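Residue-level structural notes
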Amino acid sequence: MTTSAEDRVQARNDLAWAIAVGGGTTVVFAGLLFFAWYFAATLFLIFAGILFGVFLNAVSELLGRLVGGGHGLRMTLVCVLLTGLFAGVLVLGGSTIADQAASLSNTIKSQIVNVKSFLDEHGVDTSFLDLGTPEPPGTAAQPRNLPSAGAIASGGGAIVSQTLKLILGTIGAVGNFFIVIFLGLCFGAQPAIYRKGLLRSVPARYRLKATEIVTAIGEMLKRWLLAQMITMAAVFAVTSIGLTIIGIPGAFILGIQAGLLAFIPTIGALLGGLIIVLASLASGWVAVASAFALFLAVHAMESYLLTPLIQQQAIDIPPGTLFATQILLGIVFGLWGLALALPLMAIAKVVMNHLSDDSAEHGAAVVG
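Keep in mind it's a predicted model, so treat the numbers as computed, not measured.

1. Here we look at empty space enclosed by the protein
- Here the structure, examined in full by the defined rule, presents one cavity of 30 Å³ or more.
- As a volume, the largest cavity reaches approximately 120 Å³.
- Surrounding the largest cavity, 14 residues form its lining, Val235, Ala258, Ala269, Phe295 and Val298 being those nearest its centre.
- Within the residue set of the lining of the largest cavity, elements represented by two or more residues are α6 (207-246), α7 (251-261), α8 (267-280) and α9 (285-310).
- When residues of the lining of the largest cavity are assigned to their parent elements, the largest contribution, five residues, is made by α8.
- Across the lining of the largest cavity, the residue classes tally to eight nonpolar, five polar and one charged.

2. Comments concerning the nonpolar core
- By size, the foremost hydrophobic cluster in this structure holds 41 residues, and its most contacted members are Leu221 and Leu243.
- Residue assignment for this core shows that the elements contributing at least two residues are α2 (40-67), α3 (71-121), α6, α7, α8, α9 and α12 (341-367).
- Counting residues per element, this core draws most heavily on α6, which supplies nine residues.
- Split by domain, this core shows at least three residues from each of two domains, domain 1 (15-121 + 176-201) and domain 2 (223-357).
- Not counting the four nearest positions on each side in its chain, Leu243 is found in contact with Ile248, Ala251, Leu254, Ile276, Ala291 and Leu294.

3. Quick look at the layout of surface pockets
- The space that makes up the largest pocket amounts to roughly 2,100 Å³.
- Among the elements that line the lining of the largest pocket, the one with the most residues is α3, at eight residues.
- Per-class residue counts for the lining of the largest pocket are 32 nonpolar, four polar and no charged.
- Residue-level mapping places the lining of the largest pocket at the junction of two domains, with at least three residues from each of domain 1 (15-121 + 176-201) and domain 2 (223-357).
- Together, 33 residues line the second largest pocket, and Phe47, Ile50, Ile217, Leu221 and Ile347 are the ones closest to its centre.
- Contributions of two or more residues to the lining of the second largest pocket are made by α1 (2-38), α2, α5 (191-200), α6, α10 (319-333) and α12.
- Examining the composition of the lining of the second largest pocket, we find that nine residues originate from one element, α2, more than from any other.
- Two domains share the lining of the second largest pocket, each providing at least three of its residues, namely domain 1 (15-121 + 176-201) and domain 2 (223-357).

4. Thoughts on the environment of Ile276
- Summarising the element assignment, Ile276 is placed in helix α8.
- By relative accessible area, Ile276 is classed as buried at 6%.
- Residues Ile276 and Val288, spaced 12 residues apart in sequence, show a C-alpha to C-alpha distance of 8.6 Å.
- Discounting residues that sit within four places of it in the chain, Ile276 has contacts with Thr239, Leu243, Leu254, Gln257 and Ala291.

5. So, the UniProt feature "transmembrane region" (unreviewed entry) in the protein chain
- UniProt marks residues 15-37, 43-63, 75-98, 166-189, 230-254, 260-279, 286-307 and 327-348 with the feature "transmembrane region" (unreviewed entry), using the numbering shown here.
- The straight-line gap between the two end C-alpha atoms of residues 286-307 is 30 Å; of that span, 100% is helix and 0% is strand.
- Helix and strand shares over residues 327-348 are 91% and 0% respectively, and the end C-alpha atoms of the span are 17 Å apart.

6. Regarding the packing of α6 against α7
- Orientation of α6 relative to α7, taken along the N-to-C sense of each, is 155 degrees, at an axis distance of 8 Å. Compared by their axis directions, α6 and α7 come out roughly antiparallel. For α6 against α7, the interelement crossing comes out right-handed. In this structure, α6 uses Met232, Val235, Phe236, Thr239, Ser240, Leu243 and Thr244 to contact α7, whose residues at the interface are Ala251, Phe252, Leu254, Gly255, Ile256, Ala258, Gly259 and Leu260.
- A per-class count over the contact of α6 with α7 returns 10 nonpolar, five polar and no charged.

7. Observations regarding α7
- Within α7, eight of the 11 residues are buried, which leaves it mostly tucked inside the rest of the structure.
- Here α7 has its buried residues at Ala251, Ile253, Leu254, Gly255, Gln257, Ala258, Gly259 and Leu261.

8. Some points on the packing of α7 against α8
- The N-to-C vectors of α7 and α8 enclose an angle of 165 degrees; their axes lie 8 Å apart at closest approach. Judged by the angle between their axes, α7 and α8 are roughly antiparallel. The two elements α7 and α8 cross, and the hand of that crossing is right-handed. Residue-level inspection shows Leu254, Gln257 and Leu261 of α7 in contact with α8, the latter providing Gly268, Ala269, Leu271, Gly272, Ile275, Ile276 and Ala279.
- Among the residues making up the contact of α7 with α8, the classes are represented as seven nonpolar, three polar and no charged.

9. Describing the environment of Ala48
- Topologically, Ala48 is positioned in helix α2.
- With relative accessibility at 12%, the residue Ala48 sits in the buried group.
- Measuring from C-alpha to C-alpha, the distance between Ala48 and Asn176 comes to 9.9 Å, with 128 residues separating the pair along the chain.

What counts as what
Residues numbered from 1 in each chain as written. Predicted model: local features only at pLDDT ≥ 70, side-chain atom pairs only at ≥ 80, totals over all residues. Heavy atoms only, no water. 1 Å grid on protein atoms, 1.4 Å probe; cavity = no way out; pocket = protein on both sides within 12 Å on 5 of 7 lines; lining within 4 Å. Points joined across faces, edges and corners; volume = space filled by probe spheres on them. Helix = DSSP H or I, 4+ residues; strand = E, 2+ residues; numbered from the N terminus. Nonpolar A, V, L, I, M, F, W, Y, C, P; charged D, E, K, R; others polar. Core = buried A, V, L, I, M, F, W, Y, C linked by side-chain atoms within 4.5 Å. Buried < 20%, exposed > 50% of the residue type's maximum accessible area, 1.4 Å probe, protein only. Domains from an automatic or database assignment. Contact = heavy atoms within 4.5 Å. UniProt positions renumbered as here; feature names shortened; annotations may be inferred. Axes fitted to C-alpha atoms, helices over the stretch in contact; angles between N-to-C directions. Parallel < 35°, antiparallel > 145°, perpendicular 65-115°, else oblique. Left-handed = near helix turned anticlockwise from the far one by under 90°.

Here is the structure:
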C-alpha cells in the first residue's frame, strides 16, 4: 500500500511538472511569435543585411579563387568594384534613368486611365478607382464658389501632412538602404565572429549539429545568391535590348525593373510583365504583342534555362509550395515577406532536412 501511495504521488508530481513545462513552453512560443510579428519589419531588415553580407562573402571567395589574397583584401576589392559599378551607372546613366522613369510613370498612369475608361464604356463599374480621369473635351465647366477659410485651412493641412509623409517615407527608405549596406559590410567583413557568437548561444551537446546546419545554410545561400545575381543580370540585359529593338520607350528602365523583380520568383516575373505590357500600350498593338512575346521568352529563359543550369544545386522547392508561402508572407508582412520568402523557405528546408536525418539515424540506432 505504501508503494502504491508513493507511485500515485510521483505520478501526480510528474503530471504537474509536465503541465507546468508544457504551459511555460506554450507561453514562451506565443511570446516569441508575437515578438516576431510585431518587429517583423526590423527582423526582415536585419535578415536582408545578413543576405547582403553573405553575398559579399560569396563574391570575395569567388575572387579569392582568381587572385588569392587575404579575406580583408578581397573584401576591400569587392566593395571598391561594387561602388565603382554603382557610381558608374549613376554618372553615365543617371539622367537617362531619371528621364525614362518619369516618362514611364506618366505612360503607365495614362494607360491605366485609358483602361478604366474602356471598362466604364463597356459597363464595368470602376468607381472604386479614383484615378482623376479628366473631363471629356467640350464639357462646360461647372461654376464653383470660392472655398471657405475652413476649407483652405483643411486643404493646407492635408498638403502639409502628405508632404511630411512623403519626406518621412523617403528618409525611411534611404535609411533602410544604408542600414542593409552597413549590416552587410559588418557581416561580410568578419563572418567568423558572428558565426562563433551564434554557435556559442547553442547548448554544448547540440553545438556540433548546429555547426553543420549553419555551414549548410551558409553554403546554400552563397550558391543561391550568386546564381540569382547572374539570373537578374541576364533578365535585365535581354529585356532592355529586346525592348530597344521593338521600339518601346523607356527600355533601359524597364530592363532594370525586370531584373530587380527577377529576385522575387514567379510573382516578380508577372509584375514585370504587366508593367512592360502597360508601357507598350502607347506604341500600338504590334508593339504590345511583341513586348508580350518578349516577356514570355524571357520568362522561359529564366525558368527552363537559367534556373536548371545555375540554380539546380542551390534551392529545390516545389513551385506550388513557394507560391503559397509567398502569398501568405506577402499578405502578412507586405513587400518584405514577398521578397524574402524564398531564402526563408530555403533556410527552413535545410534545418528540417538535417533534423529529419538526425531523427532517422537515431531511430535506426534504436532499432539496431
